[in-house]
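Each chain is listed here by its residues.
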Amino acid sequence: MSFCVEVTASSRHYVDRLFDPDPQKVLQGVIDMKNAVIGNNKQKANLIVLGAVPRLLYLLQQETSSTELKTECAVVLGSLAMGTENNVKSLLDCHIIPALLQGLLSTDLKFIEACLRCLRTIFTSPVTPEELLYTDATVIPHLMALLSRSRYTQEYICSILDFNFIFLHLLISVLQLRNWHSCGFKSSPQPLLCANGPDHQTILFNHGAVQNIAHLLTSASYKVRMQALKCFSVLAFENPQVSMTLLNVLVDGELLPQIFVKMLQRDKPIEMQLTSAKCLTYMCRAGAIRTDDTCIVLKTLPCLVRMCSKERLLEERVEGAETLAYLLEADVELQRIASITDHLIAMLADYFKYPSSVSAITDIKRLDHDLKHAHELRQAAFKLYASLGANDEDIRKKIIETENMMDRIVNGLSESSIKVRLAAVRCLHSLSRSVQQLRTSFQDHAVWKPLMKVLQNAPDEVLVVASSTLCNLLLEFSPSKEPILESGAIELLCSLTQSDNLALRVNGVWALMNMAFQAEQKIKADILRGLSTEQLFQLLSDSDVNVLMKTLGLLRNLLSTRPHIDQIISTHGKQIMQAVTLILEGEHNVEVKEQTLCILANIADGTTAKDLIMTNDDILQKIKYYMSHSNAKLQLAAMFCVSNLIWNEEEGSQERQDKLRDIGIVDILHKLSQSSDPNLCDK
């Protein structure tokens, strides 16, 4: 108890000295405070509680304060920000950012550097708000102008830019609109979108960020070079405009991509190799560099594979695998090359064994860190496996044959970390594209059980991938289809079709469509009961064409096999014909109308269901119209309807033929028999 009183008393002494009328004593008090808080989080917390921050900010902004005093105040504030996350929150609550921005207008370099260093510490904290606040259009160009002042301004500004992209923080922000009038910048705030978005990249691009940062790659300071490199990686991410510009930037007569390639060399620091690989990866994915370019195939890809080696640190292996997964994601040939590079598939298996009981880690702090973050390795491995197996059947086979792979995926689906679960589901989704694996490994390990559990209670991002995987497991050749049905999947999938999330609606209907294919009548009845007529027709009027197409596909599968067709039409015929009429009359694309005509053709194949068409003159006229349509696909689909209606071997065929002749459909058939299109004339 006496110890706490002693610390608090000494802390009070430091704060009291900030109010001394003698400026020299105030300066000495700030310097003593600086020395007292270094490495002492308890002292930092006490000073904040006792009100040191508002007084320091007041002194920092006063015109009567000496430059030396202002600089020391900025240094102390930066030191306080290096304490706990609560410290940073307290600083933000005191509106520290506008005060530091004001300091950047000074002509004194040391004061500017101290303000930038403090800003860097605050912006790189995970508690700094990510939401959209306010910023001034003149701040970014001012930061660009400060880049050339010293190697410290270069390092700090690049670091601010870099971290603001990575953590979705704003580059410059204030907490209250009124504070802009005290900053010295233009007072009308302009919104700045999330820092990882294209709008923020464009703002930086338009203010000369590329040109201002490019020359920093030749700086004598390693820290400056690295921060500049990181800035380029975040500027290029998913931004074709920036990436195409980087392609032609010259630095000391050398193109920027060539500099990046040089920084990939094995003799460079690992951090530099990794970040250069990210720059080239992002430029490639943005379309600025071809996937078959030698700088990608022979330099970037091998470098990222090297980063996956067990000799690398945990964070390097994670970043290497995740960047490689992103590089490979959309290119089959790169997936094939990576799969045979340095035994990558087997190498990734080590990600699940780290750190092992025989680990070479002797640093206790490092071992403790790795134990806490080992789940990140598993997440990265699942992501990379998902990219590797996205297209090639042989690669999928190699992945699944990797030691205990299916067991690891099953375990991953139930991990506490949401990121690991999501990565495991993505991996499972990638592998579920294999017909062979659906019939063998997926059945042997009953992966549908943990997958169904994931679908019961998960955030949308997991549900989207999990429901996509379920669509594959419900294909007719999958042995998992029957047990999934028995586990109550229909109710779950019907609920997904009501989601506000578009991807979930699509997947819900898609899975039901797969479920209904060649299904028993009971299953079809359960689907219709689970959906309800109202929801089915809500889906048929959905504004998204993918939802509409999958719903039409579901109807088409439900209306197959004559007894099923007759049964469904007897209970839902009126509503189905209304929906068909609306779609054929609406402004829909050819694929939608073709699918709708195919549904009519299925109805026409029923024994009693076809009467619903024959007694509906409006529908008959529409069939006639589409038989003469300019699009051959629609003509052919309409002809299927007619063919099923007039089939000679069925009862009542003559009467149906006579009616179709009376309305002119038979004449159109004769004309089509002379068509130059073999599909039409043969039919």
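Note that the coordinates shown come from a computational prediction; the quantities given were computed from them, not determined experimentally. (Residues numbered from 1 in each chain as written. Predicted model: local features only at pLDDT ≥ 70, side-chain atom pairs only at ≥ 80, totals over all residues. Heavy atoms only, no water.)

### Let's talk about the overall build of the chain
Move 1: Secondary structure summary: the chain contains 42 helices and two strands in total.
Move 2: The buried share among the 683 residues of the chain stands at 54%.
Move 3: Look at the contacts in the chain between residues 6 or more apart in sequence, and 69% of them connect residues 24 or more apart.
Move 4: Carbon and sulfur atoms form 51% of the exposed surface of the chain, whose accessible area is close to 30,500 Å². (Helix = DSSP H or I, 4+ residues; strand = E, 2+ residues; numbered from the N terminus. Buried < 20%, exposed > 50% of the residue type's maximum accessible area, 1.4 Å probe, protein only. Contact = heavy atoms within 4.5 Å. Areas by Shrake-Rupley, 256 points an atom, 1.4 Å probe, with all protein chains shown as cover.)

### A look at the environment of Ile97
Move 1: The topology assignment puts Ile97 in helix α7 (residues 96-103).
Move 2: The exposure class assigned to Ile97 is buried, which follows from its relative accessible area of 4%.

### Remarks on the confidence of the model for the chain
Move 1: For the chain, the average pLDDT comes to 85, and 88% of its residues sit at 70 or higher.
Move 2: Long-range and interchain partners of residues 1-6, a stretch whose pLDDT sits below 50, account for zero contacts in this model, where long-range means more than four residues apart.
Move 3: For the stretch residues 130-134, pLDDT sits under 50, and the model shows 18 contacts to residues farther than four places along the chain or on other chains. (pLDDT = per-residue confidence, 0-100.)

### Some details on the pattern of salt bridges
Move 1: Overall, the coordinates contain 25 salt bridges when judged by the stated rule.
Move 2: Several salt bridges share partner residues, and in doing so they unite Glu333, Arg336 and Asp392 into one network. (Salt bridge = Lys/Arg side-chain N within 4 Å of Asp/Glu carboxyl O.)

### Things to note about the environment of Asn41
Move 1: Note on placement: Asn41 falls in helix α3 (residues 41-49).
Move 2: Residue class for Asn41 comes out partly exposed when judged on its relative accessible area of 40%.
Move 3: Sequence-wise, Asn41 and Ser79 are 38 residues apart; in three dimensions their C-alpha atoms are separated by 9.7 Å.
Move 4: Not counting chain neighbours up to four residues away, the residues in contact with Asn41 comprise Gly83 and Thr84.

### Points about the UniProt feature "repeat: ARM" (unreviewed entry) in the chain
Move 1: If you check UniProt for "repeat: ARM" (unreviewed entry), the listed places come out as residues 51-87 in our numbering.
Move 2: Overall, residues 51-87 shows 76% helix and 0% strand. The separation of its end C-alpha atoms is 12 Å. (UniProt positions renumbered as here; feature names shortened; annotations may be inferred.)

### Side note on the state of the cysteines
Move 1: Under the counting rule described, the total for this entry stands at zero disulfides.
Move 2: No disulfide involves Cys295; its nearest neighbouring cysteine sulfur is the one of Cys284, lying 7.6 Å away.
Move 3: A relative accessible area of 10% places Cys295 in the buried class.
Move 4: Just so you know, Cys598 is unpaired, no disulfide at all, and the nearest cysteine sulfur is the one on Cys641, 7.6 Å from it. (Disulfide = S-S within 2.5 Å.)

### Examining the packing of aromatic side chains
Move 1: One pass over the full model with this rule turns up seven aromatic pairs.
Move 2: Following the ring pairs from residue to residue traces out a cluster consisting of Phe237, Tyr282 and Tyr326.
Move 3: Across from the ring centre of Trp510, 4.3 Å away, lies the NZ or CZ of Lys550, which sits over that ring. (Phe/Tyr/Trp six-rings, centres within 6.5 Å; stacked < 30°, edge-to-face > 60°. Lys NZ or Arg CZ within 6 Å of the ring centre and 35° of its normal.)

### Some points on helix α38 (residues 617-627)
It helps to recall that an α-helix has 3.6 residues per turn; residues three or four apart then point in one direction.
Move 1: Those residues of α38 that fall on the buried side of the exposure criterion are Ile619, Leu620, Lys622, Ile623, Tyr626 and Met627. For α38, the buried positions fall inside an angular range of 160° around the axis, keeping them on one side.
Move 2: Looking at the buried side of α38, the elements it contacts are α35 (562-585), α36 (590-604), α37 (610-614), α39 (632-645), α40 (653-662) and α41 (665-672).
Move 3: Where α38 starts, the residue carrying a side-chain oxygen 3.2 Å from the main-chain nitrogen of Asp618 turns out to be Asn616. (Arc of directions from axis to C-beta. Polar contact = N/O pair within 3.5 Å; in protein donor to acceptor, adjacent residues only side chain to side chain.)

### Here we look at unusual backbone geometry
Move 1: Of note in this structure, His95 is not a glycine but carries a positive phi near 60°.
Move 2: As for its position among the elements, His95 is in the loop between α6 (85-93) and α7.
Move 3: For His95, a relative accessible area of 23% gives the class partly exposed.
Move 4: Not every positive phi belongs to a glycine, and His343 is a case in point at roughly 55°.
Move 5: Positionally, His343 belongs in the loop between α19 (332-339) and α20 (344-349).
Move 6: We classify His343 as exposed; its relative accessible area is 67%.

### Quick notes on the packing of helix α18 (residues 314-328) against helix α21 (residues 364-388)
Move 1: Packing of α18 against α21 leaves a shortest axis separation of 8 Å and a crossing angle of 15°. Our classification of the angle between α18 and α21 gives roughly parallel. Crossing of α18 over α21 shows left-handed handedness.
Move 2: Looking at the contact of α18 with α21, its residues break down into eleven nonpolar, four polar and seven charged. (Axes fitted to C-alpha atoms, helices over the stretch in contact; angles between N-to-C directions. Parallel < 35°, antiparallel > 145°, perpendicular 65-115°, else oblique. Left-handed = near helix turned anticlockwise from the far one by under 90°. Nonpolar A, V, L, I, M, F, W, Y, C, P; charged D, E, K, R; others polar.)

### Some details on helix α32 (residues 521-531)
Move 1: Among the residues making up α32, those that are buried are Ile523, Lys524, Ile527, Leu528 and Leu531. All buried residues of α32 fall inside an arc of 135° around its axis, so they share one side. Opposite the packed face of α32, turned more than 90 degrees from it, sit the exposed residues Lys522 and Arg529.
Move 2: Turning to α32, the residues buried within the fold contact α29 (481-486), α30 (489-496), α31 (502-516), α33 (533-540), α34 (545-558) and α35.
Move 3: In the segment just after α32, Ser532 is the residue with positive phi, at about 75°.

### Considerations on the packing of α7 against helix α8 (residues 109-123)
Move 1: For the pair α7 and α8, interaxial distance at closest approach is 9 Å and the crossing angle is 150°. Considering the angle they form, α7 stands roughly antiparallel to α8. α8 is crossed by α7, and the crossing has left-handed handedness. Touching Ile96, Ile97, Leu100, Leu101 and Gly103 of α7 are Phe111, Ile112, Cys115, Cys118, Leu119, Ile122 and Phe123, all from α8.
Move 2: Looking at side-chain class alone, the contact of α7 with α8 contains eleven nonpolar, one polar and no charged residues.

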